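Residue strings, one per chain:
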Amino acid sequence: MEHSGSEQAGARPRVLVRGAGVAGLVTAVTLAERGADVTLVEIGPRVGSGASWMAGGMLAPWCEAEAAPPEVTRQSVDSLDWWDAHVPGVVRNGSLVLAPPRDVGEIARFARRTSHFETVDGDAIARLEPDLGGRFGKGLFFPDEGHVDPRKALCALRDRLVDLGGNVRFDAPADHSDAGYDRVVDCTGIAARLRLAGLRGVRGEMLLLRCPDVTLHRSVRMLHPRIPVYIVPRADHLFMVGATMVESENAGGMTLRSMVELLTAAYVLHPAFGEAEIVESGVGLRPAYPDNMPAVTQDGRTVYVNGMYRHGFLLSPARARQAADIVFGVA
């Protein structure tokens, strides 16, 4: 299958981008916007055939500081602006961090590790999320954060690339020839682990629920000492609930333990989730380096953008700029 845009005569360099997940699509669009002649190839049948399809799409640089190195926040604070400029439907209503009464101490711990938040009481929570009124007495509100529907965003980036004159080829063989290209940018995630030292898979599990009786206006993080869970609203009363983080390259179906934990978190947020329809369950293998930081590396004329871990939507714009600088010879 191939989507093609109009030719850009004389555009240089000619770049082959492998992998149509979030890293590959953001990089391909960034290269095309800077004047490259881009061909994007994907071994799967559509965009996001790997872990990106299972992502939460949270654009939360300040919340991520709770468990990530400071450079994650520093390098991703402009990610909301990038996504807002490139895809429709970016929601910029902030993030809300809550905890069930028995774990309310986790809020103070989260606050110590983060910044750019407001401490909110029960009345403020009710103003932010009327459906949660009377259910929580304390939380943290990060007003400068947002979220995007990953599946719609990935499709929008594909269309943007085509509009820029790029080519997108699905169901492409893994050994698709790179002859005739000036550069290759490999964004194939866990599939590149035999070529990239230290790359490993981190299993993540998610649920997609439909609950007409609940309305949320922003992503909500439910804190728990063992496994924090996030609930991200999408259109038509759909909610993405995720995600476990398991050091495993097993891509098999969701475990009973994970499903119970995710469903319990949703139910604790609001009992109406007890009647929610389970629309989908999914498992994805996130690629990660030992330090869990995404990296751009180079081997000959091939540039690798990989190790996105849980920061794919947050850090892809920054890593794409790095990759494009290498391709265009910018110091």
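Residues numbered from 1 in each chain as written. Predicted model: local features only at pLDDT ≥ 70, side-chain atom pairs only at ≥ 80, totals over all residues. Heavy atoms only, no water.

### Description of the overall build of the chain
Here's step 1: The helix and strand inventory of the chain stands at nine helices and 17 strands.
Here's step 2: In terms of overall dimensions, the chain is globule-like: its C-alpha atoms have a radius of gyration of 20 Å, near the 20 Å expected for 331 residues.
Here's step 3: Reported as C-alpha extents along the three principal axes, the dimensions of the chain are approximately 65 × 35 × 35 Å.
Here's step 4: Within the chain, buried positions represent 57% of all 331 residues.
Here's step 5: Accessible area for the chain stands at about 13,700 Å²; split by element, carbon and sulfur atoms hold 51% of it.
Here's step 6: For the chain, the distance from the average site of its 35 positive side-chain charges to the average site of its 40 negative ones is 3 Å. (Helix = DSSP H or I, 4+ residues; strand = E, 2+ residues; numbered from the N terminus. Rg over C-alpha atoms; globule rule 2.2 N^0.38 Å. Buried < 20%, exposed > 50% of the residue type's maximum accessible area, 1.4 Å probe, protein only. Areas by Shrake-Rupley, 256 points an atom, 1.4 Å probe, with all protein chains shown as cover. Lys, Arg positive; Asp, Glu negative; His and termini not counted. Charge placed at Lys NZ, Arg CZ, Asp CG, Glu CD.)

### Some remarks on the sheet that holds strand β12 (residues 219–222)
Two pairing modes exist for strands in a sheet, parallel and antiparallel, and in both the strands are linked by backbone hydrogen bonds.
Here's step 1: With respect to topology, eight strands assemble into an open sheet ordered β6-β7-β5-β12-β13-β14-β11-β15, the strand pairing being mixed. Only two strands of the sheet have a single partner each, and these edge strands are β6 (118–121) and β15 (277–288). Adjacent strand axes in the sheet meet at a mean angle of 25 degrees, parallel and antiparallel pairs treated alike.
Here's step 2: Across three bridges, the pairing between β12 and strand β13 (residues 229–234) is antiparallel. (Pairing = 2+ DSSP bridges. Axes fitted to C-alpha atoms, helices over the stretch in contact; angles between N-to-C directions.)

### Considerations on helix α7 (residues 150–163)
For an α-helix, 3.6 residues make a turn, and residues three or four places apart therefore share a direction.
Here's step 1: Here α7 is 14 residues long and its end C-alpha atoms lie 20 Å apart, about the 20 Å a rise of 1.5 Å per residue gives.
Here's step 2: Between the side-chain oxygen of the N-cap and the backbone nitrogen of R151 there are 3.1 Å, and the N-cap of α7 in question is D149.
Here's step 3: In the segment just after α7, G165 is the residue with positive phi, at about 95 degrees. (Expected span 1.5 Å × (residues − 1). Polar contact = N/O pair within 3.5 Å; in protein donor to acceptor, adjacent residues only side chain to side chain.)

### Structural notes on the packing of aromatic side chains
Here's step 1: Here the structure, examined in full by the defined rule, presents five aromatic pairs.
Here's step 2: Consider the rings of W82 and W83, whose centres lie 5.1 Å apart with planes at 80 degrees: the pair is edge-to-face. We note that W82, like W83, is buried.
Here's step 3: A ring pair is formed by F110 and F142, whose centres lie 6.1 Å apart and whose planes are at 80 degrees; its orientation type is edge-to-face. (Phe/Tyr/Trp six-rings, centres within 6.5 Å; stacked < 30°, edge-to-face > 60°.)

### Regarding the pattern of salt bridges
Here's step 1: The tally for this structure, following the rule as stated, stands at 21 salt bridges.
Here's step 2: Here E64 ties to R221 by a salt bridge, and the two come within 3.0 Å at their closest N and O atoms. Here E64 is found in helix α2 (residues 61–64), whereas its partner R221 is found in strand β12, with 157 residues between them in sequence.
Here's step 3: In this structure E64 comes out as buried when scored by relative accessible area, which is 7%.
Here's step 4: Among the salt bridges present, the one from E106 reaches R109, with a minimum N-O distance of 2.8 Å. A residue pair is termed a helical-turn pair when its members lie 3 or 4 positions apart in one helix, as E106 and R109 do in helix α5 (residues 105–112) at three residues. Taken individually, E106 and R109 each receive the classification buried, so the pair is uniform in this respect. (Salt bridge = Lys/Arg side-chain N within 4 Å of Asp/Glu carboxyl O.)

### Focus on the nonpolar core
Here's step 1: Counting residues in each nonpolar core, the largest one holds 68 residues, and the members touching the most others are V17, L31, W83, V185 and F313.
Here's step 2: No other element matches helix α1 (residues 22–33), which puts eight residues into this core.
Here's step 3: Setting aside residues up to four positions removed in sequence, F313 forms contacts with V22, S52, A55, G57, L59, S79, W83, V148, P150, A153 and L154.
Here's step 4: Ranked by size, the runner-up nonpolar core spans 30 residues in total, among them L132, F136, F141 and V241. (Core = buried A, V, L, I, M, F, W, Y, C linked by side-chain atoms within 4.5 Å. Contact = heavy atoms within 4.5 Å.)

### Side note on the side chain of R286
Here's step 1: Its place among the elements puts R286 in strand β15.
Here's step 2: Buried charge without a partner: R286 forms no salt bridge, and the closest opposite charge is E205, 8.5 Å away.
Here's step 3: Residues contacting R286, with those up to four places away along its chain left out, are A51, R200, G201, V202, R203, G204, Y230, A243, T244, M245, Y309 and R310.

### Concerning the packing of α1 against helix α4 (residues 79–86)
Here's step 1: Remark: α1 packs on α4, axes separated minimally by 13 Å, with the N-to-C direction vectors making an angle of 70 degrees. Considering the angle they form, α1 stands roughly perpendicular to α4. Across from V22, V26, V29, T30 and E33 in α1, the residues of α4 making contact are W82, W83 and H86.
Here's step 2: Classifying every residue of the contact of α1 with α4 gives five nonpolar, two polar and one charged. (Parallel < 35°, antiparallel > 145°, perpendicular 65-115°, else oblique. Nonpolar A, V, L, I, M, F, W, Y, C, P; charged D, E, K, R; others polar.)

### Quick notes on the pairing of strand β14 (residues 238–242)
Here's step 1: In terms of residue burial, β14 counts as a mostly covered element, since five of its five residues are buried.
Here's step 2: Because side chains alternate across β14, one face comprises the buried residues L238, M240 and G242, and the other comprises F239 and V241, equally buried.
Here's step 3: Sheet topology note: the β13/β14 ladder contains five bridges and is antiparallel. Bridging across to β14, P233 finds its partner in F239.
Here's step 4: The turn joining β13 and β14, which pair antiparallel and follow one another in sequence, is formed by three residues; a positive phi near 60 degrees is taken by D236.

### Brief notes about α1
Here's step 1: If you check α1, its first and last C-alpha atoms are 16 Å apart, about what twelve residues at 1.5 Å a residue would give, namely 16 Å.
Here's step 2: V22, A23, G24, L25, V26, T27, A28, V29, T30, L31 and A32 are the residues of α1 that are buried.
Here's step 3: The positive-phi residue at the C-terminal boundary of α1 is G35, with phi of around 105 degrees.

So far we have only geometry, and geometry alone does not tell us how the molecule works.
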